[in-house]
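The lines below spell out each chain.
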Amino acid sequence: DSRAYIVNDGIKSVTKDHSYVQLLIDNGKITKDEAEAHPDKNIITRAVGIEHVVDVEIDIVDINDNDKLLICTDGLNGYVPDADILKIIKEYGDSSTEKLVETANNAGGRDNVTVVIMSADVQGE
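Residues numbered from 1 in each chain as written. Predicted model: local features only at pLDDT ≥ 70, side-chain atom pairs only at ≥ 80, totals over all residues. Heavy atoms only, no water.

S.K.: Run through the overall build of the chain, naming residues and quoting values.
M.R.: Helix and strand content of the chain: 5 helices and 4 strands. For the chain, the N- to C-terminal ordering of α and β elements is β-β-α-α-β-α-α-α-β. Counting only C-alpha atoms, the chain reaches 40 × 35 × 30 Å along its principal axes. Sequence-distant contacts, at least 24 apart, represent 62% of the contacts inside the chain between residues at least 6 apart. Of the roughly 8,700 Å² of accessible surface on the chain, a fraction of 48% belongs to carbon and sulfur atoms. For the chain, the centre of its 12 positive side-chain charges and the centre of its 25 negative side-chain charges are spaced 5 Å apart. (Helix = DSSP H or I, 4+ residues; strand = E, 2+ residues; numbered from the N terminus. Contact = heavy atoms within 4.5 Å. Areas by Shrake-Rupley, 256 points an atom, 1.4 Å probe, with all protein chains shown as cover. Lys, Arg positive; Asp, Glu negative; His and termini not counted. Charge placed at Lys NZ, Arg CZ, Asp CG, Glu CD.)

S.K.: How would you summarise the pattern of salt bridges if you had to cite specific residues and measurements?
M.R.: Summed over the entire model, instances satisfying the criterion amount to 5 salt bridges. Close ionic contact of R46 with E57 constitutes a salt bridge, the shortest N to O distance being 3.7 Å. One end of the pair, R46, is in the loop between α2 (32-36) and β3 (68-73); the other, E57, is in the loop between α2 and β3, and 11 residues separate them in sequence. A relative accessible area of 30% places R46 in the partly exposed class. Between K99 and E102 there is a salt bridge, with the nearest N and O atoms lying 3.4 Å from each other. Remark: E102 and K99 occur in helix α5 (residues 96-106); sequence separation between them is 3 residues, near one turn of the helix. Sharing partners across several salt bridges, the network here consists of R46, D55 and E57. (Salt bridge = Lys/Arg side-chain N within 4 Å of Asp/Glu carboxyl O. Buried < 20%, exposed > 50% of the residue type's maximum accessible area, 1.4 Å probe, protein only.)

So this is what it looks like as structure tokens:
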């Protein structure tokens, strides 16, 4: 129930949810808009600690100098729209993690909220 985003002038999810509702979207049964209010949106299909072997998904993404990598639990992205997350990161910069958690809690966050933001520094490759 966590996501990773690349944030720059925009915000783009670079992970895919491992959930029942995501499977419905992938199979064309529901739309992304319908998924937002789906009664089973909290059912996950993969979790660490459930099985002895974890099916790990690995992907490589391009990161540029001005990009930030945001990793968060659904306690954030489940309560704060992506556009608002982007706006807060642009406005609050290095202290945006605190503001994001506060915003999620004020939006009725009933789930744990974890937010990590890392700045890219690819000059020193």
